[in-house]
Amino acid sequence: MTDTTSPGGTTADGGPDRTGAPDAPASRLSARGLTLAYESRTVVDGLDLDVPDGRVTVVVGPNACGKSTLLRALGRLLRPRRGAVLLDGRELDRVPTRAVARSLGLLPQAPVAPEAITVGNLVARGRQPHQRWWQQWSEADERAVTDAMDSTGVTGLADRAVDELSGGQRQRVWIAMALAQETELLLLDEPTTYLDIAHQVEVLDLVRRLNRERGRTVVMVLHDLNQAARYADHLVAMREGRIVAQGPPGRAVTADLVREVFGLEAVVVPDPVTGGPLVVPGAPASASAAAPATVPVNIRKATP
Amino acid sequence: MTAPDAVGETPREAPGREAPVRPPGYGLVRRGRASFLLHRRSAAVTAALAAALAAAVVASLCLGETATAPTEVVRVLLGLPSPEELVVGTLRLPRVVLGLMVGAALGVAGGLIQTVARNPLASPEIIGVTHGAAALTVGAMTFGLTSYALLPYLSVAGGMLAAALVYVFAWRRGLSAARFVLIGLGFSVALRSLTQLFMTKGDFLAAQQAQVWLTGSLNGRGWEQAGPLGWALLAVLPAVLWCARAQRQAALDDDTATALGVRLGRVRLGLAATGVVLASVATGAAGPVDFVALLSPQIARRLTRTAQIPLLATALLGAFVVTLGDLLARRLLAPVELPVGVLTAAIGAPYLVWLIARGRTGGRP
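Per an unreviewed UniProt entry, chain B carries the name Iron complex transport system permease protein and comes from Streptomyces pini. Under the UniProt heading Sequence similarities (unreviewed entry), the note attached to chain B is "Belongs to the binding-protein-dependent transport system permease family. FecCD subfamily." The annotation that UniProt attaches to chain B under Subcellular location (unreviewed entry) is "Cell membrane".

Per an unreviewed UniProt entry, chain A goes by Iron complex transport system ATP-binding protein and derives from Streptomyces pini. Its UniProt record, at the heading Subcellular location (unreviewed entry), says of chain A: "Cell membrane".

The subject of this paragraph is the overall build of chain B. When you go through chain B residue by residue, the secondary structure sums to 14 helices and two strands. Taken along the three principal axes of its C-alpha coordinates, chain B extends 100 × 60 × 40 Å. Relative to its 365 residues, chain B shows a buried fraction of 51%. Here the analysis covers contacts within chain B between residues at least 6 apart in sequence; of these, 70% occur between residues at least 24 apart. Carbon together with sulfur atoms contributes 68% to the accessible area of chain B, which is approximately 17000 Å² in total.

Here the focus is the pattern of salt bridges. Applying the stated criterion to the full structure yields 22 salt bridges over all chains. Across the salt bridge formed by E182(A) and R127(A), the nearest N and O atoms sit 3.5 Å from each other. One end of the pair, E182(A), is in the loop between α5 (167–180) and β7 (185–189); the other, R127(A), is in the loop between α3 (119–125) and α4 (139–152), with 55 residues separating them in the sequence. Owing to a relative accessible area of 39%, E182(A) belongs among the partly exposed residues under this scheme. Through salt bridges with shared partners, a single ionic network connects R95(B), D326(B), R330(B) and E337(B).

So, about the UniProt feature "domain: ABC transporter" (unreviewed entry) in chain A. The positions that UniProt labels "domain: ABC transporter" (unreviewed entry) are, in the present scheme, residues 29–265 of chain A. Secondary structure across residues 29–265 of chain A comprises 37% helix and 25% strand; the distance between its end C-alpha atoms is 34 Å.

Every contact between the two is made by 36 residues of chain B and, on the other side, 44 residues of chain A. Looking only at chain B, the three residues that lose the most surface to chain A are P24(B), R245(B) and L260(B), adding up to 17% of its buried area. In this assembly, chain B and chain A are joined by four salt bridges. One salt bridge in this structure joins R30(B) and E139(A), with 3.8 Å as the shortest N-O distance. Remark: the boundary between chain B and chain A carries 17 residue pairs in polar contact (both at pLDDT 80 or more). When contributions to the side of chain B that touches chain A are tallied by element, the ones reaching two or more residues are β1 (26–31), β2 (34–39), α9 (223–250) and α10 (254–259) of chain B. By residue class, the composition of the side of chain B that touches chain A is 16 nonpolar, eight polar and twelve charged.

All right, on to the pairing of strand β3 (residues 56–60) of chain A then. All names here are of chain A. Burial analysis of β3 places five of its five residues in the buried class, which makes it a mostly covered element. Relative to strand β8 (residues 217–221), β3 runs parallel, the two being bridged by four bridges. Across the sheet, V58 pairs through a bridge with M220, a residue of β8. Across four bridges, β3 lies against strand β9 (residues 234–239) in parallel orientation. Paired with V59 across the strands is V236, a residue of β9.

Let's shift gears to the domain arrangement of chain A. Frequently, the measure chosen for interface size is the accessible area that the parts lose on association. Residues and elements named next belong to chain A. According to the domain assignment, chain A contains domain 1 (29–254) and domain 2 (265–304). Taken over C-alpha atoms, the centre of domain 1 sits 34 Å from the centre of domain 2. Taken together, the contact pairs eight residues of domain 1 with seven residues of domain 2. For the pairing of domain 1 and domain 2, the buried interface totals around 580 Å² over both sides, and the portion due to carbon and sulfur atoms is 63%.

Where nonpolar side chains cluster on the molecular surface, the patch consists of W133(A), W134(A), V29(B) and F36(B) and spans about 400 Å² of accessible area. Inspection of the secondary structure puts F36(B) in strand β2. Relative accessible area serves as the criterion here: at 33%, F36(B) is assigned to the partly exposed category.

Attention now goes to the nonpolar core. Membership of the largest hydrophobic core comes to 111 residues, with the highest contact counts inside it found for V58(A), V119(A), V123(A), M220(A), V102(B), F180(B) and L278(B). Residues in contact with V102(B), not counting those within four places in the same chain, are L229(B), A282(B), A285(B), A286(B) and V289(B). Core analysis: the second largest hydrophobic core is formed by 32 residues, L49(A), L77(A), L106(A) and V236(A) among them.

Our focus in this paragraph is the sheet that holds strand β6 (residues 104–107) of chain A. Residues and elements named next belong to chain A. What the six strands build is an open sheet, ordered β6-β7-β8-β3-β9-β10; its pairing is mixed. Among the strands making up the open sheet, the edge pair consists of β6 and β10 (242–247). Pairwise comparison of adjacent strand axes, ignoring direction, gives a mean angle of 15 degrees for this sheet. Sheet analysis places β9 next to β10, joined by five bridges and oriented antiparallel. Across the sheet, the residue bridging to A237 is A245, located in β10.

Calculation notes
- Residues numbered from 1 in each chain as written.
- Chains lettered and ligands numbered in written order.
- Predicted model: local features only at pLDDT ≥ 70, side-chain atom pairs only at ≥ 80, totals over all residues.
- Heavy atoms only, no water.
- UniProt positions renumbered as here; feature names shortened; annotations may be inferred.
- Helix = DSSP H or I, 4+ residues; strand = E, 2+ residues; numbered from the N terminus.
- Buried < 20%, exposed > 50% of the residue type's maximum accessible area, 1.4 Å probe, protein only.
- Contact = heavy atoms within 4.5 Å.
- Areas by Shrake-Rupley, 256 points an atom, 1.4 Å probe, with all protein chains shown as cover.
- Salt bridge = Lys/Arg side-chain N within 4 Å of Asp/Glu carboxyl O.
- Buried area = accessible area lost by both parts, 1.4 Å probe.
- Polar contact = N/O pair within 3.5 Å; in protein donor to acceptor, adjacent residues only side chain to side chain.
- Nonpolar A, V, L, I, M, F, W, Y, C, P; charged D, E, K, R; others polar.
- Pairing = 2+ DSSP bridges.
- Domains from an automatic or database assignment.
- Patch = residues over 30% accessible without salt bridge, like charges linked within 9 Å, V, L, I, M, F, W, Y side chains within 5 Å.
- Core = buried A, V, L, I, M, F, W, Y, C linked by side-chain atoms within 4.5 Å.
- Axes fitted to C-alpha atoms, helices over the stretch in contact; angles between N-to-C directions.

The following block contains the structure:
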C-alpha cells in the first residue's frame, strides 16, 4: 500500500484511525494529493482517498465543502489542478476516456435528456462506450439494457417519453442508463435530489441492492446525514475541501463529528430500524435550557 | 382440470423471452459481430422525402418559359437523345442541381449548428457564417473587385473566418452553448453593420449588385458554381458521415456525455467545423438563402420523431425546399424572378408553425 498521510488511509495495521475496512479492501479508484479548483478558488486541497471496492461509500458534508466537486473529479468531469485520480493505479487523465467509461459510470446531479427521447432509447445510450459504428446493438447490449431496466423497474416504461415521467421514475431511468453501462464502479451525485422521501428511499434501496447483489462499487454524494449513515458501508465526512473523518457509519458518526463538520449540536441515538447511528439535531435538554426543550413539551400537551 | 391449465400457461411465457430487445422504434440487422440499428419511422420519412424531391426536380426541369414533357426530361436525365437537350440539360439542369446541393448543404449545416448550440433557433446566420460571408463579399464588391469569379471564394473565406472567431471567443475551458450563440449573435450584428457601411460607402452600381447577392438567388447561376460546390461537398462527405453518429452523442448534456466516454470537445469542434464549412460553401455558391438551415432540421426531426436531428432526412428536406422554392420563384411572377430565399421562408415557416402547433410529443419546441 502507498504510505499516505491521510487520516483515513488504509494502513496495514488498521490502528486507531477511523478506517472503515478492517480487512483493508483493495481499491481500484483512489485520489492522491488531489487539489481541485474552479478558476482561482480552491475547493479541494491535497486530498487522499481510497474508495473501497465492493462497498457503498457515501460522501457527506455541508454545502460547498467540495463533496460534489470531489465526485466530479473521481469521474474525470473535472481535471485536477494538482495531484491525481488513479483508476487501477493509472492516472485517470492518461486513460482513454472511452476505456474509463467501461470501468467507471457516473450519474451527474442534474442530467438532461435529449428532447422527446423515449425511456428505452435513453437507457440504450448507456451502451455508448461499448459500441462502434458497425456494432450498434450487440447481444451484450441487449442483455445489459434488459437487465438494467428490469432491476430498476422501468421495463414497463420503455416506450414512454422521458419528459412525461414523474421525478422518481425519471431518476430510476437515469440510474438504469448508468447501469446499462455495466461498470464496476458507479458514482452518483446526490441521486435523491428533487425526490420525495418515499422515492428517496426507493432509489437508495435500489443502489444498495445493486451493491449487494451485483457487487458494484458505489460512491455517492448525499445531503442527508441520516440517509448517509443508513446506506453507507464507508462514510466520508468532508469540510472545507478536506476529509475530516471516514469509516463505517457506526464508528464515524458521532455528536463530535456532526459538530465539527456541520457546526451543529446534535444527539446521536441508535436508529430504531437499523440500530445504526441516527442524528437528531438540537442539543440535549440538559445542555441548553431554552428554546429546543419547550418544543417537545408543547407537542406532548397537544397530543391527548 | 388442473393439468390442462398448467400446460396452457407454459407457452404463454415463452414469447417474452424470444423477442429481441432493442431501443423502441428501431429495426435491427445483425451479421456476425456487426449489428446495425435502423429507425423505422426515419427510414419511411426519408423514402417519402426522396420521392417528393424527385418529383420536385422533374417538375422544376419541366416548367419554364416553355413547358417540357416529363418523359423528355427523364430521357435527358438518362442521357438519351432528346430535342429538349438544350433547354433541359443545358439551361435548367445546372440551376436545379445547384439548388439541390445548396439546400442539402444548408439543411445539414443548420442541423449540426443547432446540435452544437443546443438551440433549435441557431443557424449559420446566428453564428456569423452568413454575415461574415456577406461582409467580405460586399466589401470586395464595393471596393472595386472586378473578378467576379473570386467572389464565391471570398464569401467562403469570410464565412469560415467569422465562425472561427466566434468559436474561439466562445471557448473558455470548453465550449458553452449559450456563449456560442450569444457571441455569434454579437458578431453577426457587428458584421451586418459593416456590410451596410460598405454598401453606403461604395458606388451605387456595386451596392446594387451587392444587394442582389445578399438576397440569395439561383438566378443566372449554373455549372460554374455547381461544379466547385459539388467537389467541396464530396470532400466534406466523410465528415458528414462521422457527424451523423457523433451528433447523437452530443445530444446528451455535457456531464452525461463525458461519463459515457464521449470526447465532447472534439465532437463539438468536428460538428461545428463541418456545419460551418457546409454553410460557407453553400452561401458562396448561391448567396444567403434564408431559413433553409433554420427550418429543415426542425421539420425533419418533427417528422421522424427522433431525439437527434436526422441528417439524411434534413438534407433531402433542404434540397426539396430549395428546389420547390426556386421553381416557384421562377414561375410565380414570371417573367419576373423572385429571390429563392423569399420563397423558402414562405414554404418552410408556415409548415413548421403548423407542426409545432399540432404539438405532438415529438414536437416539443
